[in-house]
Amino acid sequence: MNSFLRTVTAAVAVSAALALILTAGGCSRGEETKPTAALAAKPDKINILLLTIDTLRTDHLGCYGNEIVETPEIDRIAAEGARFDFCVAHNTVTLPSHINILTGEDPRTHGVHDNTGFRLKPETVTIAEILHDADYGTGAFVAAFVLDSRYGIDQGFDLYDDYYGINRPGNPLISERPANEVVDPALQWIKGQGDKPWFAWIHVYDPHAPHQVAEPFARKFKDNLYAGEVSFVDLNFGKVFDYLRNSGKIDNTLIIITADHGEGLGDHGEDTHGIFAYNPTLWIPLIIRAPWSIPSGTVVERRVRHIDILPTILDTLAIEVPENKGGESLLAVAKTRAPGNAPDSYFEALSASFNRGWAPLRGVLHDNWKYIDLPLPELYDMAADFQEKSNLIESRAGTAASLRRILSQLREGEDDAFESRITESEETRQRLRNLGYLTGTNVIDKKTHGPHDDPKNLIGLSNRLDKGVSLATAGKWDEAEEVLTALIDEQPDMAIAYKHLAWVYTDSGRPQQAVELMDAAAKRGIGGNETLTGLAMALQEAGESRRSVEILEVIRQDNPDDIEILHYLAMGFGNLGEVAKSEDLFIQVLERDPSFLEARGNLGWLLLDGGREQEAMEQFNIALRQFPYHANSLHGKGLIYERFKRWDDAVAAYREALKADRKRYPAMLQLAIVLTRRGDFTEAIPLLEQFLKEAPAGKYPEERAGAQRLLSRLKQHGQ
Ligand SMILES: [Zn+2]
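Residues numbered from 1 in each chain as written. Predicted model: local features only at pLDDT ≥ 70, side-chain atom pairs only at ≥ 80, totals over all residues. Heavy atoms only, no water.

Caption draft 1: Structural view of the overall build of the protein chain. In terms of regular secondary structure, the protein chain is built from 30 helices and 13 strands. A burial count over the protein chain gives 58% of its 719 residues as buried. Expressed as a percentage of contacts within the protein chain between residues at least 6 apart in sequence, the contacts between residues at least 24 apart total 65%. (Helix = DSSP H or I, 4+ residues; strand = E, 2+ residues; numbered from the N terminus. Buried < 20%, exposed > 50% of the residue type's maximum accessible area, 1.4 Å probe, protein only. Contact = heavy atoms within 4.5 Å.)

See the structure below:
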């Protein structure tokens, strides 16, 4: 992001914060909206529409004072209902934050502290389960891998649509789909509910990095794609609101709009989110439209929380709130606008502690104060300093001490996040030791941390990690290697840097180097199971599937339901030619998660290798119905067509595969071969040249030799 935009962002944030905190009841754009007293009659049946916008900074909505974005649809819903000016999340990463919303609990009780390494326990009750039991149709439509059903977040949904796909053309790294591809099936599902009351949760991911947006937004917001993405989301939400208005359903639908967390955009040195819990990421928008209960134009200044959303929905439907839910209904809060003091709010940001060994960040909001517990602790006055510029930890030592006490009371009885992360039996530990690995958990996980582990002193490393990843994504492997190696030298505990460096080695055709790197890390106990699975994958790439399977079999013991591990194991047995075992494991994975595209595609390839073309075709077709750009399946179909000498179909399938993933080099070669067979040399020659130019030598040695031979023959032929 360039400095001009950062200045604009900061200015907007300042004005929004000042307006929100200092102007009593004022709209941050300066237009006083007076609540109108008239309420609609309460309908018999009330639908619930929950919209969550990933990575949306509160100050990037028009109704919260932003003048760059175009969010007329959301702004209108806010004007017709209540805008909560100080809602806070409890986490600054996606999965825990959505679980907070859906369970009405924070991680102290539901135990999901990060995007990976945790799964929601079946016994934790979600809003979807409660509404399902109350005869609601329940549908979820999520846009990205982080909210995949494999994390247990699908509990209670009749339909959990996580068909976000992978390897989308032009965005090969992140498994996500744009807002229109989430909203369209959601709207179709809502329309199909007929007279039955429904609960629909729609999650969009567009504002999350990398920043890409469709036209005309890309052109219009070329200097601020983030704002363009938010505007694109608004346009798509408008389709849902239009339907509700036109069908007369809007006044019997409770509409809730929020974000899981914000985005740093450079504030406090944080470009994205997840490391800190300052207001750019912890402060989130909350808009509730409930015309039978909340007058239009309501603005609530009092601090509220994500965990209050579940009790608000249940209050609306007069359903009792289950025990252990910590929040309160916001209907009364919205009606009286500022009744009394806000309850305390716990928050945490532990990701960097799990994957980088940094000090864990936890904190509490109490009255006007925000306390952040770190080796270098921080205390801010939210009323006077919403920008968190002056740390009052020394000048207000007494206040800090009392907030520290409140935080430790809030954490009494909480499970140890580090221990709950990977439950590992003594037997597993022993078996890992026999393989030469210290243990599955991160043994470097320090119980005491010093200022050098404080994320404030390490945020630069985080930004460098992001840089290494984007260099690798752009195929600049040497530069990526340099950045990541330097990081590991400085921060040998930074497990996530090993994972990315191993990926650089593998993708650039040096799997043996990936094996050595991950092996050394696992022997020192860095990074736990993720490092061990990374090692197992590198071993498969390096042709050592036997060792890979050995490691996976051990860590599977304590993680029998971890479908990633089962999937890698299936691949390992496949490589070893143990087809029956491999097939059985793929089927187990797909029973647990039918939309696990990689597993489906790989099962197809296993069947194809065994000469079972019809069955393979079925698997590829299922995958392609879920996600039409699935390069692995398109490639597999090409091979099947080739076997049946359906050359035109084969050419078409390979072309589609390459359109979906232009780096799918074996499909490129295969296409050149079929074209040659059809006598289409003029197209085959440049394809072979492209293959030889781009396909990494270390990864495709035989294919390259074959391509070279074919190319020489074609060139001789042409002379
Ligand atoms: Zn998120």
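There's more to say after this.
Caption draft 2: Summary view of the pattern of salt bridges. Under the criterion given, the structure shown has 43 salt bridges. Note that Arg-57 and Asp-59 form a salt bridge whose closest N and O atoms lie 3.0 Å from each other. Given a relative accessible area of 2%, Arg-57 falls into the buried group. One salt bridge in this structure joins Lys-699 and Asp-507, with 3.9 Å as the shortest N-O distance. Pair noted here: Lys-699 is in the loop between helix 29 (681–694) and helix 30 (701–718) and Asp-507 is in helix 18 (residues 495–507), with a separation of 192 residues, a long-range link. Given the relative accessible area of 30%, Lys-699 is considered partly exposed. Asp-507 gets classed as partly exposed once you look at its relative accessible area, which sits at 29%. Bridged by salt links that share partners, the residues Arg-76, Glu-80, Arg-245, Asp-251 and Arg-289 form one connected network. (Salt bridge = Lys/Arg side-chain N within 4 Å of Asp/Glu carboxyl O.)

Caption draft 3: Just the coordination of the zinc ion, in detail. Here the zinc ion is held by Asp-54 (OD), Thr-94 (OG1), Asp-260 (OD) and His-261 (NE2), and the distances to it run 2.0 to 2.1 Å. In this structure, the zinc ion is surrounded by four donor atoms whose angles at the metal cover 97 to 119°, and the resulting shape is tetrahedral. Sequence positions of the donors to the zinc ion reduce to the motif D-x39-T-x165-D-H. Here Asp-260 lies in the loop between strand 6 (253–259) and helix 9 (279–282) and Thr-94 lies in helix 3 (residues 94–103), a separation of 166 residues in the sequence. Comparing Thr-94 with Asp-260 shows no difference in burial state: the two are buried. (Donors = N, O, S within 2.8 Å, 3.2 Å for Na, K, Ca; no water. Tetrahedral: all angles 85-135°; square planar, octahedral: opposite > 155°, others 65-115°.)

Caption draft 4: Structural view of the environment of Ile-48. Along the chain, Ile-48 turns up in strand 1 (residues 47–53). A relative accessible area of 0% means that Ile-48 is categorised as buried. Sequence spacing of Ile-48 and Ile-255 is 207 residues, and the spatial spacing of their C-alpha atoms is 6.3 Å. Those residues in contact with Ile-48, other than ones at most four positions away along the chain, are Leu-131, Tyr-136, Trp-198, Phe-199, Ala-200, Leu-254, Ile-313 and Leu-317.

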